[in-house]
Amino acid sequence: MGRRKIISFANQKGGVGKTTSAVNIAACLAAKGNKVLLVDADPQGNATGGLGINKRTVPGSVYDVLIGRKTAAECVCRCSAENLYVIPSSIDLVAAELELVDTSRRESRLKAALDTVRDSFDYIIIDCPPSLGLITLNALTASDGVVIPLLCEYYSLEGLSQLTLTIKSVRKLYNPSLELTGVLVNMYDGRLNLTAQVMNEIKKYFADKLFRTPVPRNVKLSEAPSYGLAILDYDKSSKGAAAYTAIAEEFAERCR
């Protein structure tokens, strides 16, 4: 099976289900017996809170790792779900962009840190901030692949082309082995005409990269984070859980 992969979930647009996807795919992979580390590189810290980790009591965060105050191993927290671990976010991450500007090899800080724990996990998933700044650049430089979550709307397509250009330039400048792992459609509603139109557009450019299962609009998916649970632990009979279970299987296939 595919081992030791680092995959970023990135989209510079907010509100596209990026954190929901990162958390739930990580949880589904862990439920299959893989040891998974989720790196919450978004200053909002939604992945950290969404897995029930109290940000005030953690030993360290992605910020500490980026500025070199702590090692990645020192910041790893265990989740309530088996096999699932998190390096939490903190609001200090907002300052990290500025603090790193003048440091050497500033784009590969996260890569250097994650390389030290890489062999302890089957998958490392990075939840990127909704911007194309220095933290996202660090995540992409550290990664083997990128998953781009998006919504079924036209603005998403604009963001998608912008992000693919960024991936190309990261590949050229910092990380020649970076690949597009897949494009994931969230909040899918098959009854809308717009949905079909946007899906056709995505298929035109990314036919082989589109995940086979879209994530449907699902109330349970929105409720789960407020209980600090992934969808599998909150309601495993929900449509959201079924979708993410199928997506996690395809994700594992693509990582092989």
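Details of the structure are given in the entry above.
In short, a report on the structure. None of these values were measured; they are calculated from a predicted model.

**Section: the overall build of the protein**
Across its full length, the protein carries 12 helices and 7 strands. Rg of the C-alpha trace for the protein: 17 Å, near the compact-globule value of 18 Å for 256 residues, within the 12% margin. Across its three principal directions, the C-alpha atoms of the protein cover 50 × 40 × 35 Å. By the burial criterion, 55% of the 256 residues in the protein qualify as buried. The long-range share in the protein, meaning contacts at least 24 apart out of those at least 6 apart in sequence, stands at 77%. Accessible surface computed for the protein: about 11600 Å², of which carbon and sulfur atoms make up 49%. Computed over 31 positive and 27 negative side-chain charges, the separation of the two mean positions in the protein equals 3 Å.

**Describing helix α1 (residues 18-31)**
With 14 residues, α1 ought to run about 20 Å at 1.5 Å a step, and its terminal C-alpha atoms sit 20 Å apart, in line with that. Of all 14 residues in α1, 12 are buried; the element is thus mostly enclosed. All of the buried residues along α1 are Lys18, Thr19, Ser21, Ala22, Val23, Asn24, Ile25, Ala26, Ala27, Cys28, Leu29 and Ala30. Looking at the residues trailing α1, positive phi occurs at Gly33, about 95°.

**A short note on the packing of aromatic side chains**
Tallying each qualifying case throughout the model produces 4 aromatic pairs. For the ring pair Phe9 and Phe251, a centre distance of 6.2 Å and an interplane angle of 35° mean the geometry is tilted. Pair noted here: Phe9 is in strand β1 (residues 5-9) and Phe251 is in helix α12 (residues 239-255), with a separation of 242 residues, a long-range link. The class for Phe251 is buried, based on a relative accessible area of 0%. When the centroid spacing of 6.0 Å and the interplanar angle of 55° are considered together, the rings of Tyr123 and Phe251 count as tilted. In this pair, Tyr123 sits in strand β5 (residues 123-127) while Phe251 sits in helix α12, placing the two residues 128 residues apart along the sequence. Here a set of aromatic residues connected by ring pairs shows up, and it is made of Phe9, Tyr123 and Phe251.

**Section: unusual backbone geometry**
Phi at Arg105 is positive, roughly 45°, even though this residue is not glycine. Here Arg105 shows up in the loop between α5 (93-100) and α6 (109-115). Notably, Met187 is not glycine yet its phi reads approximately 50°, a positive angle. Position of Met187 among the secondary structure elements: in the loop between β7 (179-186) and α9 (193-206). Classification of Met187 by relative accessible area gives partly exposed; the value is 35%.

**Considering a nonpolar patch on the surface**
Taken together, the side chains of Tyr154, Leu192 and Leu194 make up a nonpolar region of the molecular surface, amounting to roughly 260 Å² of accessible area. For Leu192, a relative accessible area of 42% gives the class partly exposed.

**Comments concerning the nonpolar core**
Proteins that are soluble and globular tend to have nonpolar side chains buried together. Leu114, Ile126 and Ile202 are the most contacted members of the largest nonpolar core, which has 48 residues in total. Sequence-distant contacts of Ile202, defined by excluding residues within four places in its chain, comprise Leu150, Leu157, Val183, Val185, Ala207 and Leu210. Ranked by size, the runner-up nonpolar core spans 37 residues in total, among them Leu29, Val36, Ala241 and Phe251.

**Some details on the pattern of salt bridges**
Enumeration over the complete set of coordinates arrives at 13 salt bridges. Among the salt bridges present, the one from Asp189 reaches Arg191, with a minimum N-O distance of 3.0 Å. Between Asp235 and Lys220 there is a salt bridge, and its shortest N-O distance comes to 3.9 Å. Here Asp235 is found in the loop between α11 (231-234) and α12, whereas its partner Lys220 is found in helix α10 (residues 219-223), with 15 residues between them in sequence.

**Quick look at the sheet that holds β1**
Reading across from one edge, β3-β4-β2-β5-β1-β6-β7 is the order of the 7 strands in this open sheet, with mixed pairing throughout. Of all strands in the sheet, those bounded by a partner on one side alone are β3 (77-78) and β7.

**Digging into the side chain of Ser61**
Along the chain, Ser61 turns up in the loop between α2 (46-50) and α3 (62-66). Overall, Ser61 belongs to the buried group, its relative accessible area being 4%.

Reading the values: the criteria
Residues numbered from 1 in each chain as written. Predicted model: local features only at pLDDT ≥ 70, side-chain atom pairs only at ≥ 80, totals over all residues. Heavy atoms only, no water. Helix = DSSP H or I, 4+ residues; strand = E, 2+ residues; numbered from the N terminus. Rg over C-alpha atoms; globule rule 2.2 N^0.38 Å. Buried < 20%, exposed > 50% of the residue type's maximum accessible area, 1.4 Å probe, protein only. Contact = heavy atoms within 4.5 Å. Areas by Shrake-Rupley, 256 points an atom, 1.4 Å probe, with all protein chains shown as cover. Lys, Arg positive; Asp, Glu negative; His and termini not counted. Charge placed at Lys NZ, Arg CZ, Asp CG, Glu CD. Expected span 1.5 Å × (residues − 1). Phe/Tyr/Trp six-rings, centres within 6.5 Å; stacked < 30°, edge-to-face > 60°. Patch = residues over 30% accessible without salt bridge, like charges linked within 9 Å, V, L, I, M, F, W, Y side chains within 5 Å. Salt bridge = Lys/Arg side-chain N within 4 Å of Asp/Glu carboxyl O. Core = buried A, V, L, I, M, F, W, Y, C linked by side-chain atoms within 4.5 Å. Pairing = 2+ DSSP bridges.

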